[in-house]
Amino acid sequence: MALRVLVGCKRVIDYAVKVRVKPDKTGVVTDGVKHSINPFDEIAIEEAVRLKEKKIASEVVAISCGPKQCQETLRTALAMGADRAIHVEIPEPQSNTLEPLGVAKIFSKLAKEEDVNLIIVGKQAIDDDCNQTGQLTAALLDWPQGTFASEITVEGEHMKVIREIDGGLETIKVKMPAVISADLRLNEPRYATLPNIMKAKKKKIDVKTPADLGIDISPRTEILSVEDPPVRQAGSKVEDVSELVGKLKSHGFI
Amino acid sequence: MSFALRICNIYRKIPSSIQGYRQARLLSNDVIQQFQNIVGQDKVSTAEITRQHHGQDESLFPCAMPDVVVSPFSTEEVSSIAKICFQHKLPMIPYGTGTGLEGGISAIKGGVCLDLTQMQPTIDANLSDFDVTIGPSVTRIALNNYLHDTGLWFPIDPGADASLCGMVATSASGTTAVRYGTMRENVINLEVVLADGSILHTAGKGLHPKKTSAGYNLTNLFVGSEGTLGIITKATLRLYAIPEKMSAICSFPSTEDAVKSVEEILLYNVPIARIEFLDEYAVNACNKYSNLDHPIQPMLFLEFYGSKAEIESQVNIVEEVISGRNSTALKWATTTEEHNKLWKARHDLLYAARALKPGSKTKITDVAVPISKLTEILTKAKEEIEKDNILCCTVGHVGDGNFHCLIMHDPSDLKEVETIHKFSTNLARHAQDLGGTCTGEHGIGLGKMQLLEREVGDIGISVMKSIKRALDPHNLMNPGKIFDL
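For clarity, every value in this text was computed on a predicted model and none was experimentally measured.

## Concerning the sheet that holds strand 5 (residues 123-126) of chain B
Residue and element names in this part refer to chain B.
- Sheet architecture is open: 5 strands sit in the order 5-6-10-8-9, paired in antiparallel fashion. Unpaired on one side and paired on the other, strand 5 and strand 9 (199-201) mark the two borders of the sheet. Each neighbouring strand pair of the sheet contributes to a mean axis angle of 10°, computed without reference to strand direction.
- Sheet topology places strand 8 (residues 187-193) next to strand 9; 3 bridges connect them, and they run antiparallel.

Shown next, in the form of structure tokens:
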């Protein structure tokens, strides 16, 4: 069975950027800040492209939900080898309150429309660390899920998934269609080469809106405030053990 | 005489007034206050531990502490600090990542260490022009991570995650030089703060043409100047397209077979991207450290760049050449993971070598000769190593005729230290006699000043000194390096 694969690609602040909290505490500074594809989603794309190179998958479709700049993220996915891309356009500031449930609804709708039998997402996004979209998508579609995948092998109608769990590695078998979430050690993604980046500029990106898909993406949570962690206080040196004990006592620790 | 001094004396003649560990010269409080007024109180440090950190790089030279460490944020701050140092005749030592190998940042005359790691992290990429302007706090790996989804990269790879401006200052090179050249070929423009605080743009402010013939080539004057002519605060570098690549390894029965193969591969005009030589000792260390099982023989690590078709034609030639030299068949790294594992093992060679004798220190030599002379010098080096019973792994960027002997030794065994010092000096002299250089990539720093005189001659040194005096009349910029004024 030739797989048709859907891959979720989230546009996030680049991992190397020093993130700053906005003075009004409503969020973090995103204007003029470098964004890139979520690293775990890059791993997801790489895995999908490898399946295509092995002729196990016939088509790889990348999806991104958010403002217009998400098309840059999709171009990266196309340059890495995705065949097509779908941009679900959600302008700012609405995109800032998009939650995993909204994304999962979008992915499940598109999965049915595009008639896919495999969805690969990154295990979590590095901005919100939610680790929910893959699981919610599987639940909405009533498909099996293989999360935190560090290795996947297609075996006919099933997929063997080796999962990274706290105690070590767990091997499960899921029947496709299924949802996989990619963990760090699934693969090392390729760097898109310049010719592929140039070619990707010509590949098709379909633009849709949540309304087109008939999906309500209103959030169920409200961000009250975003704050920096407290500034680290300087320590003080003590001369000897008795002073140390004295200070511990006076601070009520012993 | 202190132990540290004896080591110093073995490496170069240093007046006895200079010590290894030293009390800070009492800089007047006024000067410290002026620095604090420019960069802020918490960016000026006279703490001993901070000064120790900034007086030692990855060489074997003992720590020589500056009197104060200042961490500026902007070029203007660097300029203001320089003006104060100029006024008070204080030495200035620019500091990047401290990964140099020749004692370049040793503050042997004390002075002010300008720690540039806190400078504004500028990365201005002009992708369609294939160039990028970066500040001194940007390291090589940070830049390539930033660029990774643009299809471009900066290929000069000295191994360490060095600061790019530091790489400019030492004219760094690395495993990809055979295809992309060294820093000398890849710097378009520099912003440099001179000893008197004036800010120089070597090719004009903000200009980045691919080529120019306007005036003296000031840009390349500063490449490799090791901080002795000015403080580099911005560099505009050439970028290249990230290639598709494949890697392979093969083993040879002798060093000569391996090296002669390299000569032939280059004569066939194969645009090989990386071609690295490891002698049997290096292979042994590599196997043990990275859990591999290469046959214990001289080896070549090869990397091919290009499309499938281009690589295929390159590989055909290489296979023909190496089989004529008794090599094993090419063993390929096919996936990204295998590829990275192969090159990581090569890059980890320093640690692998150290692991052969835990607790030892490593002396790294750095000569480069014309490729036609490589077999001769490697054979001679091997004879000397075996005669002197030195524990040594040899690894080389053979495509450039450049190789490194990694020598593990006990630094407290003075006899061993002296033997090794003799070996590396003789090696450098032999390289020069064969038409090569005493330093392919690491720079002159503290330890090779006499070798430099031998290499460029009296007139060469005299011209260098004239330039130095013109730009730095009070000899404040990293004094005591490259040559003694």
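## Things to note about the packing of aromatic side chains
Residues and elements named next belong to chain B.
- For the structure on display, the rule yields 6 aromatic pairs over all chains.
- For the ring pair Trp153 and Tyr180, a centre distance of 5.9 Å and an interplane angle of 85° mean the geometry is edge-to-face. In this pair, Trp153 sits in strand 7 (residues 152-153) while Tyr180 sits in helix 7 (residues 177-180), placing the two residues 27 residues apart along the sequence. The pair Trp153 / Tyr180 is uniform in exposure class, with both members buried.
- In this structure an aromatic cluster arises from ring pairing among Trp153, Tyr180, Tyr240 and Tyr305.
- The lysine or arginine in question, Lys245, covers the ring of Trp153, its NZ or CZ lying 5.6 Å from the ring centre.
- Over the ring of Trp343 we find Arg274; its NZ or CZ atom is 5.1 Å from the centre of that ring.

## Notes on the pattern of salt bridges
- Evaluation of the coordinates by the stated rule reveals 36 salt bridges over all chains.
- Here Arg50(A) ties to Glu46(A) by a salt bridge, and the two come within 2.7 Å at their closest N and O atoms. With Arg50(A) and Glu46(A) both in helix 1 (residues 39-53), this residue pair falls 4 residues apart, about one helical turn.
- Across the pair Lys260(B) and Glu263(B) runs a salt bridge whose closest N-O atoms are separated by 3.4 Å. Placement of both Lys260(B) and Glu263(B) in helix 10 (residues 255-267) is noted, with a separation of 3 residues, approximately one turn of the helix.
- Residue classification places Glu263(B) among the buried positions, given a relative accessible area of 16%.
- Through salt bridges that share partners, Arg4(A), Glu59(A), Arg84(A), Glu114(A), Lys204(A) and Asp206(A) make up one connected network.

## What about helix 12 (residues 308-323) of chain B?
Residues and elements named next belong to chain B.
- End to end, helix 12 covers 22 Å across 16 residues, agreeing with the expected 22 Å (1.5 Å per residue, within 8%).
- Every buried residue belonging to helix 12 is among Ile311, Gln314, Val315, Val318, Val321 and Ile322, and all of these are buried. One side of helix 12 carries all its buried residues, which in axial view fall inside an arc of 125°. Set apart from the buried face of helix 12 by more than 90 degrees, the exposed residues are Ala309, Glu312 and Glu320.
- Taken together, the buried residues of helix 12 touch strand 12 (245-251), helix 10, strand 14 (299-305) and strand 15 (331-333).

## A word on the nonpolar core
- Grouped together as the largest cluster of nonpolar side chains are 47 residues, with contacts concentrated most on Leu300(B), Leu302(B) and Ile377(B).
- If near-sequence neighbours (up to four positions away) are discounted, Leu302(B) is found in contact with Met246(B), Ser247(B), Ala248(B), Cys250(B), Ile265(B), Ile272(B), Arg274(B), Ile275(B), Leu330(B) and Trp343(B).

## Examining empty space enclosed by the protein
Residues and elements named next belong to chain B.
- Taken as a whole and judged by the stated rule, the model has 4 cavities of 30 Å³ or more.
- Of the volumes computed, that of the largest cavity is approximately 90 Å³.
- Every residue lining the largest cavity is listed: Thr255, Phe277, Asp279, Tyr281, Leu378, Ala381, Lys382, Ile385 and Thr394.
- The dominant element in the lining of the largest cavity, judged by the number of residues it contributes, is helix 15 (residues 374-388), at 4 residues.
- The residue makeup of the lining of the largest cavity, split by class, is 5 nonpolar, 2 polar and 2 charged.

## Overview of the side chain of Asn38(A)
Residues and elements named next belong to chain A.
- Inspection of the secondary structure assignment puts Asn38 in the loop between strand 3 (35-37) and helix 1.
- Residue Asn38 is classed as buried on the basis of its relative accessible area of 1%.
- From its side chain, Asn38 meets the backbone oxygen of Gln124 in a polar contact 2.9 Å long.
- Within the local environment of Asn38, its side chain forms a polar contact with the backbone nitrogen of Ile126, the two atoms lying 3.1 Å apart.
- Dropping the residues within four chain positions of it, Asn38 is found in contact with Lys10, Val12, Gln124, Ala125 and Ile126.

## Things to note about the interface of chain B and chain A
- The partner chain A presents 13 residues to the 15 residues of chain B that form the contact.
- Ranking the residues of chain B by area buried against chain A places His148(B), Asp149(B) and Glu337(B) at the top, with a combined share of 40%.
- Here chain B is connected to chain A by 2 salt bridges.
- In this structure, Arg50(A) engages Glu337(B) in a salt bridge whose closest nitrogen and oxygen atoms are separated by 3.2 Å.
- Applying the counting criterion to the chain B and chain A interface returns 6 residue pairs in polar contact (both at pLDDT 80 or more).
- In terms of residue count, helix 13 (residues 336-347) of chain B provides more of the side of chain B that touches chain A than any other element does, 3 residues in total.
- Across the side of chain B that touches chain A, the residue classes break down as 6 nonpolar, 6 polar and 3 charged.

## Considering unusual backbone geometry
Residue and element names in this part refer to chain A.
- Here the amide bond leading from Glu92 into Pro93 is cis, since omega sits at 0°, within 30 degrees of zero.
- Of note, Pro93 is situated in the loop between strand 5 (84-89) and helix 3 (100-113).
- Omega for the bond connecting Met176 with Pro177 falls within 30 degrees of zero, at 5°, which places this linkage in the cis form.
- Summarising the element assignment, Pro177 is placed in the loop between strand 9 (168-175) and strand 10 (178-182).
- Of note in the backbone geometry, Lys25 takes a positive phi value of approximately 60° without being a glycine.
- Residue classification places Lys25 among the partly exposed positions, given a relative accessible area of 40%.

## Digging into the sheet that holds strand 4 (residues 112-115) of chain B
Residue and element names in this part refer to chain B.
- Taken together, 4 strands build an open sheet; the order of strands is 1-2-4-3 and the sheet is mixed. Of all strands in the sheet, those with a lone pairing partner are strand 1 (44-45) and strand 3 (92-95), marking the two edges.
- In terms of strand pairing, strand 2 (residues 68-70) meets strand 4 through 3 bridges, oriented parallel. Counted as the bridge partner of Val69 is Cys113 from strand 4.
- In the packing of helix 4 (residues 75-88) onto the sheet, the strands contacted are strand 2, strand 3 and strand 4, and the crossing angle to strand 4 comes to about 175°.

Reading the values: rules and limits
Per-chain numbering applies: the sequence of each chain, read as written, is numbered from 1 onward. As they are written, the chains are lettered A onward and the ligands numbered 1 onward, keeping that order. The predicted origin of the model limits local features to residues at a pLDDT of at least 70 and limits the giving and counting of side-chain atom pairs to 80 or more, whereas totals for whole chains, interfaces and linings rest on all residues. Side-chain numbers here rest on the full set of heavy atoms in the structure, without hydrogens or water. Paired strands, as defined in this entry, are two strands with at least two bridges between them according to DSSP. Numbering of helices and strands starts at the N terminus; helices are DSSP runs of H or I of at least 4 residues and strands are runs of E of at least 2. Geometry is summarised by axes, namely lines fitted to C-alpha atoms with helices restricted to the contacting stretch, and by angles between N-to-C directions that run from 0 to 180 degrees. Between 30 and 60 degrees the pair is tilted, below 30 it is stacked and above 60 it is edge-to-face, where a pair is any two Phe, Tyr or Trp rings, Trp via its six-membered ring, whose centres lie within 6.5 Å. Note on classification: 1.4 Å probe, protein chains only; a residue is buried when its accessible area is under 20% of the maximum for its type, exposed when over 50%, partly exposed between these limits. Comment: the charge-over-ring label is applied if NZ (Lys) or CZ (Arg) is within 6 Å of the ring centre and within 35 degrees of the ring normal. Any carboxyl oxygen of Asp or Glu that lies within 4 Å of a side-chain nitrogen of Lys or Arg is treated as forming a salt bridge with it. Expected helix span is taken as 1.5 Å per residue step, with the number of steps being one fewer than the number of residues. The reported arc concerns the directions from the helix axis to the C-beta atoms and nothing else. We call two residues contacting when some pair of their heavy atoms lies within 4.5 Å. Buried Ala, Val, Leu, Ile, Met, Phe, Trp, Tyr and Cys residues that are joined via side-chain atoms within 4.5 Å together make up what is termed a nonpolar core. Put simply, the grid is 1 Å and covers the protein atoms alone, a cavity is a trapped set of points that fit a 1.4 Å probe, a pocket is an open set with protein on both sides within 12 Å along at least five of seven lines, and lining residues have an atom within 4 Å of a point. Grid points are joined across faces, edges and corners, and a volume is the space filled by probe spheres set on the points. Residue classes follow a fixed rule: Ala, Val, Leu, Ile, Met, Phe, Trp, Tyr, Cys and Pro count as nonpolar, while Asp, Glu, Lys and Arg count as charged, and any other residue, Gly among them, counts as polar. Two N or O atoms form a polar contact when they lie within 3.5 Å of each other; inside protein one atom must be a possible hydrogen donor and the other a possible acceptor, and for residues adjacent in sequence the pair counts only when both atoms belong to side chains. Once two parts are put together, the accessible area they lose, assessed with a 1.4 Å probe and summed over both, is termed the buried area.

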